[in-house]
Amino acid sequence: MIYRNKRAEYHRFVMIFVLVKVVLNLIAISNFGFHRDELLHLALADHLDWGFKEVPPFIAVLAKISLTVFGDSVFASRLFTTIASGIIIWLTGMITIELGGRKFAIAIACLSIIFAPAFAASGYLFQPVVFDQLWWVLAAWCMVRYVNTSSVIFLYGFGLTTGVGMLTKYTMAFFAIALVIGVLISKQRRVLFTKHTIGAGLVAILLFSPNLIWQWQHNFPVLHHMAELRETQLEHIKAGDFIAQQLMVNGVALFVWLVGFVFLLASFRLRKYQFLAFAYVIIFIFLLQMNGKNYYLFGAYPMLFAAGGCGFDRLFKTAGKPLRAAAIVIVTAPNLLLLPMVLPLLPLPQTVTAIKYTQNIMPALNFVTRWEDQRQHATTQDYADMLGWDEMATLTAKAYHGLNAQARAQTRIFAENYGQAGAISVFGKRLNLPQVVCLNSSFSLWAPDSLVPKYLIYIAEDEEGVKELQPFIERYVKIGTINNPLAREKGSGVYILYNPLPSLNLRYQKELAELRKQ
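Every chain is numbered on its own, with residues counted from 1 as its sequence reads. Whole-chain, interface and lining totals are the exception, using all residues; otherwise, since this is a predicted model, local features are given only for residues with pLDDT of at least 70 and side-chain atom pairs are given and counted only at 80 or more. With hydrogens and water set aside, each side-chain value is computed from the structure's full complement of heavy atoms.

Considerations on the environment of Ile-88
Part 1 of the argument: Summarising the element assignment, Ile-88 is placed in helix H6 (residues 79-98).
Part 2 of the argument: According to the relative accessible area criterion, Ile-88 is buried, its value standing at 3%.
Part 3 of the argument: For the pair Ile-88 and Val-18, spaced 70 residues apart in the sequence, the C-alpha separation amounts to 8.4 Å.
Part 4 of the argument: Here a residue-residue contact requires only that any non-hydrogen atoms of the pair lie within 4.5 Å. Once residues lying within four places of it in the same chain are set aside, the contact partners of Ile-88 are Ile-113, Val-130, Gln-133, Leu-134, Val-137 and Pro-302. Only DSSP runs of H or I covering at least 4 residues are called helices, and only runs of E covering at least 2 are called strands; the numbering of each starts at the N terminus. Buried residues are those whose accessible area, probed at 1.4 Å on protein chains only, stays under 20% of the maximum for their type, while exposed residues exceed 50% and partly exposed ones sit between those limits.

Quick look at the structure:
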């Protein structure tokens with residue numbers, strides 16, 4: 001009774017940590033530009049559908065709402081992610097309370113996740129990742145609440161969350177299955193022996209079905225996307241690297257979730273919630289076998305942080321306030337050193353300096369600046385992906401508006417990759433540019449059937465790609481290149497191609513036809 005009577009007080013206490021998370025995001029929100037993936041997701045808002053090549057439709061709908069309500073600034077585009085990040089902290093606190101944790105447990109759990117590099121890095125960009133994490137932690141909360149209360153509303157909440165989660169990122173399905181299997185192999189299995197379990201499953205399937213139908217109508221492009229992803233990125237991920245990164249991505253907060261994992265398995269007090277640990281093991285093994293990226297698993301950690309908070313509460317049960325305060329500092333303060341590496345709280349020059357300094361004293365963190373090409377760079381890949389896009393759009397506008405009105409009417413813009421195309425889509429509205437054509441990523445879904453301009457503004461990753469097109473054009477002129485040395489697009493250029501021959505259109509149509517078969 002004492003515990004339940006204090007729940008309202010605990011709920012208010014959790015809001016303190018939600019506020020801390022939101023303030024940190026707001027400080028960092030506009031320091032760098034749009035991320036490559038953010039530009040793609042914002043571009044999807046102009047082509048709403050039940051699916052896309054890389055992602056389900058949720059992020060596109062959210063982009064449409066964000067652009068309509070808040071505008072197209074970097075700050076505006078990241079408001080929804082800031083809200084989602086705050087809700088993740090709130091749900092972590094709620095799970096901690098459900099597990100029997102009090103204020104000390106809540107503080108440990110929430111501060112751990114706030115300053116954990118994994119969540120600082122993934123919780124501010126307009127990407128499906130943070131929303132995927134939100135649905136994972138919400139699903140875990142629903143299952144814990146259902147186990148505690150036997151109220152079927154939480155079981156149906158689990159089904160609803162799973163359905164919406166699969167419309168956000170397909171990994172949600174695997175985590176939901178892991179949770180269900182975790183319950184079935186635990187002593188709580190009886191709670192699923194009800195017709196409402198089938199009802200909750202049907203809710204999830206019903207919500208997800210429009211995307212499933214879309215996938216079928218388009219020959220399941222997600223499978224082709226995953227195959228391409230596996231060939232170009234996932235094949236570089238070794239099992240040992242995945243395991244090591246899971247031990248490192250949360251920094252010193254590792255000790256909190258490990259304590260939580262152990263307490264879930266071994267503590268009499270938390271034995272009722274063993275299924276959370278089982279679910280983590282199942283999804284961990286699955287992603288390990290699938291060569292998953294390290295961030296695919298991030299959504300599973302909030303429930304372990306919650307259990308870890310309860311574990312610390314138990315370990316420090318008889319400790320005084322000074323010792324408890326020291327414990328909080330020890331498991332959170334060291335991660336403050338890592339924040340500039342994952343959250344752009346500082347301007348770019350100071351960020352680069354901070355990254356170099358931190359890696360000099362902690363060489364084990366070199367993986368943070370190791371990109372998908374497996375090489376070391378001066379900054380993280382995410383930071384590099386937020387640089388150079390406005391410069392690219394400005395060069396494109398210079399090329400387009402440098403032509404006379406008659407020539408502009410016969411001009412198309414073509415981009416080689418989705419980041420470039422996304423930049424023109426987003427910045428082009430301000431610069432009065434026509435729609436961009438691109439055969440990369442989901443842009444191929446709405447690419448025109450033919451490309452027969454008199455002038456083609458071509459955005460290429462390097463000039464060699466343009467030289468390959470010389471047999472198909474009269475001549476080309478280089479307008480400029482991206483010069484930012486820290487930008488991932490450094491060296492990408494903008495060119496004007498004059499009088500493309502019909503053979504270039506045939507080449508374009510052939511490539512487009514092959515893409516649409518996939």
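Points about the packing of helix H15 (residues 254-266) against helix H16 (residues 274-289)
Part 1 of the argument: Remark: H15 packs on H16, axes separated minimally by 7 Å, with the N-to-C direction vectors making an angle of 120°. Relative to H16, the element H15 lies oblique. In this structure, H15 meets H16 at a crossing whose hand is left-handed. In contact with Trp-257, Phe-261, Leu-264 and Leu-265 of H15, H16 contributes Gln-274, Leu-276, Ala-277, Phe-278, Tyr-280 and Val-281.
Part 2 of the argument: Residues are grouped as follows: nonpolar covers Ala, Val, Leu, Ile, Met, Phe, Trp, Tyr, Cys and Pro; charged covers Asp, Glu, Lys and Arg; every other residue, Gly included, is treated as polar. Partitioning the contact of H15 with H16 into residue classes produces nine nonpolar, one polar and no charged. Angles shown run from 0 to 180 degrees and are taken between the N-to-C directions of axes, each axis being a line fitted to C-alpha atoms and, for helices, limited to the stretch in contact. Roughly parallel means an angle under 35 degrees; roughly antiparallel means over 145; roughly perpendicular covers 65 to 115; every other angle is labelled oblique. By definition, any crossing whose near helix is turned counterclockwise from its far helix by less than a right angle is left-handed, and any crossing with a clockwise turn is right-handed.

Points about the pairing of strand S5 (residues 493-498)
Part 1 of the argument: Among the six residues of S5, six are classified as buried, and the element is accordingly described as predominantly covered.
Part 2 of the argument: Residues of S5 alternate between two faces, with Gly-493, Tyr-495 and Leu-497 on one and Val-494, Ile-496 and Tyr-498 on the opposite face, all of them buried.
Part 3 of the argument: Only strands joined by at least two bridges in the DSSP assignment are considered to pair. Both strand S3 (residues 455-460) and S5 contribute to a ladder of six bridges, which runs antiparallel. When the sheet's bridge partners are listed, Ile-457 is paired in S5 with Ile-496.
Part 4 of the argument: Relative to S5, strand S4 (residues 475-481) is paired through six bridges, and the arrangement is antiparallel. The residue of S5 that forms the bridge with Tyr-476 is Leu-497.

Notes on unusual backbone geometry
Part 1 of the argument: The phi torsion at Asn-432 lies on the positive side, around 60°, for a residue other than glycine.
Part 2 of the argument: For Asn-432, a relative accessible area of 59% puts it in the exposed group.
Part 3 of the argument: Located in the positive-phi region is Asn-499, a residue other than glycine, with phi close to 50°.
Part 4 of the argument: Relative to the assigned elements, Asn-499 resides in the loop between S5 and helix H26 (502-517).
Part 5 of the argument: Taking the relative accessible area as the measure of exposure, Asn-499 reaches 27% and is therefore partly exposed.

Considerations on a nonpolar patch on the surface
Part 1 of the argument: Within this analysis, patches are made of residues with over 30% relative accessible area and no salt bridge. Like charges are joined at 9 Å or less; nonpolar side chains (Val, Leu, Ile, Met, Phe, Trp, Tyr) at 5 Å or less. The accessible surface values rely on the Shrake-Rupley method and a 1.4 Å probe; as for residues, cover is taken only from the protein chains in view. What counts as a salt bridge is simple: a side-chain nitrogen of Lys or Arg found within 4 Å of a carboxyl oxygen of Asp or Glu. Residues Leu-48, Val-61, Ile-65, Val-69 and Phe-70 make up a contiguous nonpolar surface patch of about 420 Å² in total accessible area.
Part 2 of the argument: The residue Val-69 is located in helix H4 (residues 58-69) in this model.
Part 3 of the argument: Overall, Val-69 belongs to the exposed group, its relative accessible area being 55%.

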